[in-house]
Amino acid sequence: MCPYPRAARPLVSGVTVSLTMLSVFALVFMAGVDLDTELRVLQAAAKENEAFAIVESLTTEVGSRLAGSEAEARARAWAVKKLTALGFKNIRVESTSVPGWERGEEVARIVRPFPQNLAITALGGSVATPAGGLSAELLPFETLTDLQAAPAGALHGKIAFINQAMPKTQDGSGYGAVVAIRSQGPSVAAAKGAAAILIRSVGTDHHRFPHTGMLQYADESPKIPAAALSAPDADQLSRIFARKEKVFLHLELKPRMTGDKPTGNVIAEIPGRIHPEEIILLGAHLDSWDLGTGAVDDGAGVAIVTAAAKLILDHSPRPPARTIRVVLFGAEEVGLVGAKAYAKRHADELPRHIVALESDFGAGPVYRLSGHVPDRTWPILESLQKKYLARLMIVPGENHKAGGPDLYPLRPAKVPIIGLEQDGRDYFDLHHTADDTVDKINPHSLSQNVAAYATVAWWASEIGPRFRLKPEAAEKSSPTAGE
Ligand SMILES: [Zn+2]
């Protein structure tokens, strides 16, 4: 495919074609291409990108995509078809497997003092309650630390309840502060003799949607059933406890493990024109929880990275110097299964990963550039922010901070990571709930993400391995502008 006629297509299809833009293109087509001009072309074209159409298609035509499910398999087929239609190369699925888990019926009811139903959902990986459910006294704790401080055996036969609220923050740090109630709470309660655990949802909304998410059973404790309550239901319980009443609950959860199931990563590329063996990785995850349609987590990320690569395919004056690889990871939610498989399968190639980025924080605008790169490399990112990202309203952040969860398995190989941090104030209102649907996505902020990802991907592909630990290799293989 010759990229030149395509580069002009969005302009001529527009109502007006400004002389200024034509002269920008004239510049690009001339031999002396400069990076700034190329990036301005990409950033201008991002306004008309197809990111929203991609997430709309995924969430409508596939819906929720639980790891290992038949729906996740349909999502892989959807991705192959979509990436093919968009014109990418080297499209393939790299298969692996994941322990299957399915949610069943889930009911919680206050038996006394004030009989009523509660809105709950099982945590991912939870075992079921005994047949017929279990009825027991509920014991409240304000925090996980309080539960940890309870004497051994204090919860014998009872249901633990942790009512720890998550603070709302722009950068998502509130999540890190409380997520252990979900991941570790079940085994902490089990170690004290509890028969089950309920937690206040790890989320920031005030709607009656409980938030699911993975738990991690410790090997040394019995596995007990675990569920999250919506925030208003946790508040309701707290009002009842404030009346100095003992609370008895009936809990019935019927999830089940379904054995090893297929999962996998879907990969597509724009082959590099000079160093095709060197990779710029743009990642997101294809799986979602089962309650909503996984629009913000992580349909938005799938759309952002795919549309950013498509922007380069259609609007850059020539192919990128290095390969831009889109990786849509499988089974992220249940323990980074696809990402770990990628790191293993591509171990030989990881030293040639110039940089990796992942979009997995919803659809809010990018406001800050961060990194996880060697200290001596950080000034390069500062100049990237100043020269090319400030005009997208992106401010400088910090080093040793960035990276989506699917990039954690790349860290031991020292793959440099760039973080385009999104404003996440709404993200945990929707995260892992039935309310995570496509109507929550603002197409305008999605486009700003696409511009930011395309900018960094093109820039990194041209600047080359100056990110790597061995700087001497950098100067040798970096193409100069216009090469
Ligand atoms: Zn996610």
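*Asks:* Please explain the overall build of the protein chain as it appears in this structure.
*Replies:* When you go through the protein chain residue by residue, the secondary structure sums to 16 helices and 16 strands. A separation of at least 24 residues holds for 81% of the contacts in the protein chain among residues at least 6 apart in sequence.

*Asks:* I keep staring at the coordination of the zinc ion and nothing clicks. Help me out?
*Replies:* A four-donor tetrahedral metal ideally has 109.5 degree angles, and a six-donor octahedral metal ideally has angles of 90 or 180 degrees. Note on the zinc ion: its protein donors are H285 (NE2), D297 (OD), D360 (OD) and D360 (OD). The metal-donor distances range over 1.9 to 2.7 Å. For the zinc ion, the four donor atoms in the first shell make angles of 52 to 148° at the metal, so the coordination geometry reads as irregular. The sequence pattern formed by the donor residues of the zinc ion is H-x11-D-x62-D. On the criterion of sequence distance, the pair formed by H285 in strand 11 (residues 275-285) and D360 in the loop between strand 13 (353-358) and strand 14 (366-372) is long-range, its members being 75 residues apart. With relative accessibility at 0%, the residue H285 sits in the buried group.

*Asks:* Explain the sheet that holds strand 3 (residues 116-118) to me, please; I cannot follow it from the model alone.
*Replies:* The strands making up a sheet associate through hydrogen bonds between their backbones, and the pairing can be parallel or antiparallel. In spatial order, the strands read 3-2-9-5-6-7-8-4; together these eight strands make up an open sheet with mixed pairing. Every other strand in the sheet has two partners, leaving strand 3 and strand 4 (120-122) as the edge strands with one partner each. Within the sheet, the average angular offset between the axes of one strand and its neighbour, ignoring direction, is 30°. Where strand 4 meets strand 8 (residues 226-229), three bridges bridge the pair, whose relative direction is antiparallel. Following the sheet pairing, I120 is matched in strand 8 by L229. Packing of helix 10 (residues 231-242) onto the sheet brings it into contact with strand 2 (106-112), strand 3, strand 5 (134-141), strand 6 (159-162), strand 7 (196-200), strand 8 and strand 9 (247-253), and relative to strand 3 it is tilted by some 135°.

*Asks:* I'm lost on the packing of helix 4 (residues 51-61) against helix 11 (residues 295-315) in this one. Help?
*Replies:* The axes of two packed helices give the description: the angle between them and the distance between them. Between helix 4 and helix 11, the least distance of the axes is 8 Å, while the angle of their chain directions is 135°. It follows that helix 4 is oblique to helix 11 by the angle criterion. Of the two possible hands of crossing, helix 4 and helix 11 adopt the one that is right-handed. Residues A51, I54, V55, L58 and T59 of helix 4 form the contact with helix 11, whose participating residues are A295, G299, A300, V302, A303, T306 and A307. Within the contact of helix 4 with helix 11, the residues separate by chemical class into nine nonpolar, three polar and no charged.

*Asks:* It is not clear to me how the pairing of strand 8 should be interpreted in this structure. Could you clarify?
*Replies:* Along a regular strand, successive side chains alternate from one face of the sheet to the other. Residues of strand 8 alternate between two faces, with A226 and A228 on one and A227 and L229 on the opposite face, all of them buried. Sheet analysis places strand 7 next to strand 8, joined by four bridges and oriented parallel. Looking across to strand 8, one finds that I197 is bridged to A226.

*Asks:* Mind showing me how you'd approach helix 13 (residues 378-389) here?
*Replies:* Quick reminder: α-helices carry 3.6 residues per turn. Residues three or four places apart thus point the same way. The set of residues buried in helix 13 consists of W378, L381, L384, Q385, Y388 and L389. Down the axis of helix 13, the buried side of the element spans an arc of 125°, and every buried residue falls inside it. Residues of helix 13 that are exposed and angled more than 90 degrees away from the buried face: K386 and K387. Residues of helix 13 that are buried in the fold lie against helix 3 (35-45), strand 14, strand 15 (395-396), strand 16 (417-422) and helix 15 (443-463).

*Asks:* Is there a simple way to think about the pattern of salt bridges in this case?
*Replies:* When the charged atoms of two side chains lie near each other, side chains of opposite charge can form a pair. Applying the stated criterion across every chain, the model contains 29 salt bridges. We note a salt bridge from R345 to E94, for which the minimum N-O separation is 3.8 Å. With R345 in helix 12 (residues 337-345) and E94 in strand 1 (residues 89-102), this residue pair connects regions lying 251 residues apart in the sequence. Of the charged contacts, one joins R368 and D171 as a salt bridge, the two residues approaching to 3.8 Å between their closest N and O atoms.

*Asks:* Mind showing me how you'd approach the side chain of S230 here?
*Replies:* Turning to its location among the elements, S230 is positioned in the loop between strand 8 and helix 10. We classify S230 as buried; its relative accessible area is 0%. When neighbours within four sequence positions are excluded, S230 is seen to be in contact with A119, S201, H207, R208, F209 and P210.

*Asks:* For this particular structure, what's the right way to read the environment of Y427?
*Replies:* When you line up the elements, Y427 lands in helix 14 (residues 427-430). Among the residues examined, Y427 registers a relative accessible area of 6% and is labelled buried. As for Y427 and A363, which are separated by 64 residues in sequence, their C-alpha atoms are 8.1 Å apart. Among all residues touching Y427, those that are not within four sequence positions of it are V296, D297, D360, F361 and G362.

*Asks:* What am I meant to see in the environment of S230 here?
*Replies:* With 25 residues separating them along the chain, S230 and D205 place their C-alpha atoms 8.8 Å apart. A polar contact is formed between the side chain of S230 and the side chain of D233, at a distance of 2.4 Å.

*Asks:* Could you clarify how one ought to interpret helix 3 in this entry?
*Replies:* Of all the eleven residues making up helix 3, eight are buried; the element is thus mostly covered by neighbouring parts of the structure. Listed as buried for helix 3 are L35, T37, E38, L39, V41, L42, Q43 and A45. Structurally, the start of helix 3 carries an N-cap: the backbone nitrogen of D36 is 2.8 Å from a side-chain oxygen of D34.

*Asks:* How do you make sense of the confidence of the model for the protein chain when you look at a structure like this?
*Replies:* Regions with low pLDDT should not have their predicted coordinates read in detail. Mean pLDDT for the protein chain: 91, with 90% of residues reaching 70 or above. Considering only residues more than four positions removed or in separate chains, one finds that residues 1-32, a stretch of pLDDT under 50, has 35 contacts. Of the regions scoring below 50 in pLDDT, residues 471-483 engages in 26 contacts with residues more than four places distant in sequence or in other chains.

*Asks:* I tried to follow the environment of E142 on my own but got confused; where do I start?
*Replies:* Tracing the sequence through the fold places E142 in the loop between strand 5 and helix 6 (144-149). A relative accessible area of 62% places E142 in the exposed class. Excluding residues within four positions of it along the chain, E142 makes contact with I162, N163 and Q164.

*Asks:* Even after reading the chapter, I still don't get the pairing of strand 9, so can you show me in this structure?
*Replies:* Burial within strand 9 is extensive, with six of its seven residues counted as buried. The pairing of strand 2 with strand 9 spans six bridges and is classified as antiparallel. Within strand 9, the position partnered with R112 by the bridge is F248.

What counts as what
- Residues numbered from 1 in each chain as written.
- Predicted model: local features only at pLDDT ≥ 70, side-chain atom pairs only at ≥ 80, totals over all residues.
- Heavy atoms only, no water.
- Helix = DSSP H or I, 4+ residues; strand = E, 2+ residues; numbered from the N terminus.
- Contact = heavy atoms within 4.5 Å.
- Donors = N, O, S within 2.8 Å, 3.2 Å for Na, K, Ca; no water.
- Tetrahedral: all angles 85-135°; square planar, octahedral: opposite > 155°, others 65-115°.
- Buried < 20%, exposed > 50% of the residue type's maximum accessible area, 1.4 Å probe, protein only.
- Pairing = 2+ DSSP bridges.
- Axes fitted to C-alpha atoms, helices over the stretch in contact; angles between N-to-C directions.
- Parallel < 35°, antiparallel > 145°, perpendicular 65-115°, else oblique.
- Left-handed = near helix turned anticlockwise from the far one by under 90°.
- Nonpolar A, V, L, I, M, F, W, Y, C, P; charged D, E, K, R; others polar.
- Arc of directions from axis to C-beta.
- Salt bridge = Lys/Arg side-chain N within 4 Å of Asp/Glu carboxyl O.
- Polar contact = N/O pair within 3.5 Å; in protein donor to acceptor, adjacent residues only side chain to side chain.
- pLDDT = per-residue confidence, 0-100.

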